[in-house]
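# Inside the fold
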Amino acid sequence: MIPEYDYAQIEKKWQKRWEETALYKVNLSDVERKLYCLVMFLYPSGDRLHIGHWYNYAPTDTWARFKRMQGYNVFEPMGYDAFGLPAENYAIKHGVHPAMSTNQNIENIRQQLKVMGAMYDWSCEIDTSKSEYYKWTQWLFLQLYKNGLAYRKKAAVNWCPSCQTVLANEQVVDGACERCETQVIQKDLEQWFFKITDYAEKLLQGHATIDWPEKTIAMQKNWIGKSVGALISFKVAESADIIDVFTTRPDTLFGVTYMVLAPEHPLVDKLTTAENRPGVQEYILQTRKTKEIDRLSTERDKTGVFTGSYCINPVNGEKIPIWIADYVLATYGTGAVMAVPAHDQRDFDFSIKYTLPIRQVIRKNGGDDKQTLEAAYTDAGVMMNSAIFDGLNSEVGKVRIVEWLKERKSGQEKINYKLRDWLISRQRYWGAPIPILFCEQCGEVAVPEEDLPVLLPENVDFTGRGVSPISTAADFVQTVCPQCGGPARREVDTMDTFVCSSWYFLRYVNPALLDKPFDQQRVNDWLPVDQYVGGAEHAVMHLLYARFVTKVLHDLGHIDFDEPFKRLIHQGIITNAGAKMSKSRGNVVNPDKFIDELGSDTFRMYMMFMGSYEDGGDWSDEGITGIHRFLKRVWRLVWQIHLERPTGAESDKFARVLYQLHYAIKHATESLERFHFNTAISRLMELVNESYLYIQDVDAASQNARLYSEVMPTLVQLLAPFCPHMAEELWAVLEKKYSVIDQQWPVHDEKMVELNTINLGVQVNGKIRGQIQVAADAADAEIIKAALAHDKVRLYTEGKELVKSIVVPKKLVVFAVK
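I will try to describe carefully the structure that is included in this document. Quick caveat: nothing in here was measured; it's all calculated off a predicted structure. (Residues numbered from 1 in each chain as written. Predicted model: local features only at pLDDT ≥ 70, side-chain atom pairs only at ≥ 80, totals over all residues. Heavy atoms only, no water.)

Further remarks concern the packing of helix 7 (residues 214-224) against helix 17 (residues 542-555). Two numbers describe how helix 7 lies on helix 17: the axes approach to 11 Å, and their chain directions differ by 75°. As the angle between them shows, helix 7 and helix 17 are arranged roughly perpendicular. Between helix 7, through Thr216, Gln220, Trp223 and Ile224, and helix 17, the contact on the second element is made entirely by Leu543, Leu544 and Arg547. (Axes fitted to C-alpha atoms, helices over the stretch in contact; angles between N-to-C directions. Helix = DSSP H or I, 4+ residues; strand = E, 2+ residues; numbered from the N terminus. Parallel < 35°, antiparallel > 145°, perpendicular 65-115°, else oblique. Contact = heavy atoms within 4.5 Å.)

See below:
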């Protein structure tokens, strides 16, 4: 008698066995066929895994299991990106210390991850909020600081009035805080930065060495924003000052009719004349209230004010007025723009508004020298009104003009990057303290490495407003200078949580080390990560920062590699009824509900079947119940064949089963390699269907013995990465050696995939009534004739009117009778 598929009992049984036998503990000393598979660790802001977590983790675990069965020593760790705003906001709202709520959330999530049946090595778990971890985040800060890659300066920063903290540019979305959606304002604060701009070119060059989605690489390239051009010096009239300008269009230099400085440019105050000062000061005040994202908008009306001063165009000696305008940013380029209204639309609009000259110096090939411009002409062309350069192709002109400027020490070739330094300061509590203190005698002093970690104070006032809560802990703030022994105060800002996640992948291979962040030999043996999986939304944040930090550690001699992740895959987004899931829409899927009703194996397998992993899919309650029915069919099939244990030798119809078996092995393997889980599952479904057709069409006494000895064990092996609990149970049912995950992944026989004959099911009025074997190249008429002659099919067709007959190539013959 076939027992019921009791998924709840089966899943608990095998989770317990796996833990007791330490099945997933990895021997990190064995690096011969090492494979480091890593999914972006989770942020424990809630106490439960949501469906997005499942979609990220379960399919990746399936791929990792598949690679283990292929003979790789797979390392698949898990940890928690535990610092951050949500835990602190929760503390402010409910009076619960962030450490308590975070620890409780992690405990709950850990149990859920075990329910998932994931192959995580729990002995290598990390938590970024533990002092044994953030000690080394502080160590990382000191390495950058000592090598001139971490610095402090006063800067206009993105400030979220609601979260009361600084936001990185990447965390501002459409002018609002990405977390709470409050409109962001500009505020001047002393801030800590990492000098990622020093690595702009290395970050670009590294793209050629990694297997990442093209779109992600394109996003990073755009964010870094490399521009090749020239740096040109304009002398300020009646002054010794120089204004340097970066431009990608030196060919338009004769068309410059005014200069524009950012309101924050250091020369603005000096250049502003007495009569223009009131207007300039008022304009600067208004600019401070304007968000940077708005200042950059191409749709926004351009505004500016004249300083009263002039500078000299180096190519023609022309005196041009110096304006300030908020569309120029002090943080990009030099904070100054040479305005060429005839060949830049933004400058054109500004000139029209303020009646400034427009001089055309580039025309179309074959164009009229005297044409009137209705808008800026921004394409390449032929130089005009440019003295000795007239008639040159503008691309050639770029080179010639820079050469001319270099001879006169007024310009040179220059590469510029849009990338800005990484702002890491946060005026919050729940983060890694910055290991710096300020001494009245010594100034800015780094905490000695031997004094790390700088521990977060426990007794702080969570007001949720104003300065960092850490500043309320007097015992923490007041300290002693390690250099002179005098009084000092600690830095009260904490680090951006992206600093914690910029190196966590290095810590997994030796998370318990006390005297160093990682063992250099082991890290070099196991990294870079072979397969990394996570959301595309991290393209210009975590993924860029991790690459930067890895390159820094490589250059400082701490590691032998300079890219963290060899191969990257992004998971798609799961929708519900075609819409993004949200609480407001009431369409959020609760994984726990379906796991209780259908089991973890069903849930994780449906995650992979609903659509392309990289594109995502649309949730369907009917779809997940369909997967559950499929698993129950597998359960019954394996049990039935196990109980009957066929010993026959029937070969003609069994050939179709063998074909489907090897076809499934071949294509499931190819699909799994590419994270195409849905197509791999489809091949397994075809194998199950073919097996059922066989046992329905051939009596038990005649069924081929290989059905039990070969086909069923192979089917279970193929299913093992997808539904590990059921596969483990069925492997035991087949009386095989524990564990199925340690068995060799099946390899197909190419000859078995090339059959001269094929088996087709025969369906009459919607029900399968038999199976026929025909030549692979048989014509439809021949196939229909063979199907109607089949003994079992004749029982349902003889004496009746044949209404319809259809041949589904290589699969099925369909009859409709009445």
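The antiparallel open sheet is built from four strands, whose spatial order is 6-5-9-19. Two strands lie at the open edges of the sheet, namely strand 6 (165-167) and strand 19 (422-423), each paired on one side alone. In this sheet, strand 6 lies alongside strand 5 (residues 150-160) in antiparallel orientation, the contact comprising three bridges. Bridging across to strand 6, cysteine 160 finds its partner in threonine 165. (Pairing = 2+ DSSP bridges.)

Let us now look at the side chain of threonine 602. Secondary-structure assignment places threonine 602 in helix 19 (residues 600-609). With a relative accessible area of 0%, threonine 602 lands in the buried category. In contact with threonine 602, not counting residues within four places along its chain, are Ile624, Ile627, His628 and Leu631. (Buried < 20%, exposed > 50% of the residue type's maximum accessible area, 1.4 Å probe, protein only.)

Once that is clear, we can look at the sheet that holds strand 1 (residues 34-39). Read across the sheet, four strands follow the order 2-1-26-27 without closing on themselves; strand pairing throughout is parallel. One side of each edge strand has no neighbouring strand; the edge strands of this open sheet are strand 2 (73-75) and strand 27 (565-569). For this sheet, the mean inter-axis angle between neighbouring strands, taken without regard to orientation, is 25°. As defined by bridge partners, strand 1 adjoins strand 2 across three bridges and the pair is classed as parallel. Note on strand 2: the bridge partner recorded for lysine 34 is asparagine 73.

For the rest of this paragraph, the subject is helix 20 (residues 621-644). Under the 1.5 Å per step criterion, the end-to-end length of helix 20 is 35 Å for 24 residues, consistent within 8% with the ideal 34 Å. Of all the positions in helix 20, only Ile624, Ile627, His628, Phe630, Leu631, Val634, Trp635, Leu637, Val638, Trp639, Ile641 and His642 are classed as buried. (Expected span 1.5 Å × (residues − 1).)

Now for the nonpolar core. Among the nonpolar cores identified, the biggest contains 186 residues, and Phe141 and Trp619 are the most heavily contacted of them. Ignoring sequence-local partners within four residues, the contact set of phenylalanine 141 consists of Ala150, Trp192, Phe194, Ile424, Ile434, Pro435, Ile436 and Met495. Counting 50 residues, the second largest nonpolar core, distinct from the first, contains Ala230, Val268, Cys311 and Phe348. (Core = buried A, V, L, I, M, F, W, Y, C linked by side-chain atoms within 4.5 Å.)

In this section: the pattern of salt bridges. Inspection of the entire model under this criterion finds 45 salt bridges. Lysine 202 serves as the salt-bridge partner of aspartate 555, at 2.6 Å between the closest nitrogen and oxygen. Note that aspartate 555 is positioned in helix 17 and lysine 202 in helix 6 (residues 200-206), a separation of 353 residues in sequence. Its relative accessible area of 36% is what places aspartate 555 among the partly exposed residues. The salt bridge partner of arginine 645 is glutamate 735, with a shortest N-O separation of 2.7 Å. One end of the pair, arginine 645, is in the loop between helix 20 and helix 21 (654-673); the other, glutamate 735, is in the loop between helix 24 (724-733) and strand 31 (757-764), with 90 residues separating them in the sequence. The exposure class assigned to glutamate 735 is exposed, which follows from its relative accessible area of 55%. Salt bridges sharing common partners tie together Arg547, Lys551, Asp562 and Glu563. (Salt bridge = Lys/Arg side-chain N within 4 Å of Asp/Glu carboxyl O.)

The quantities given are spatial measurements derived from coordinates; they are silent on function.
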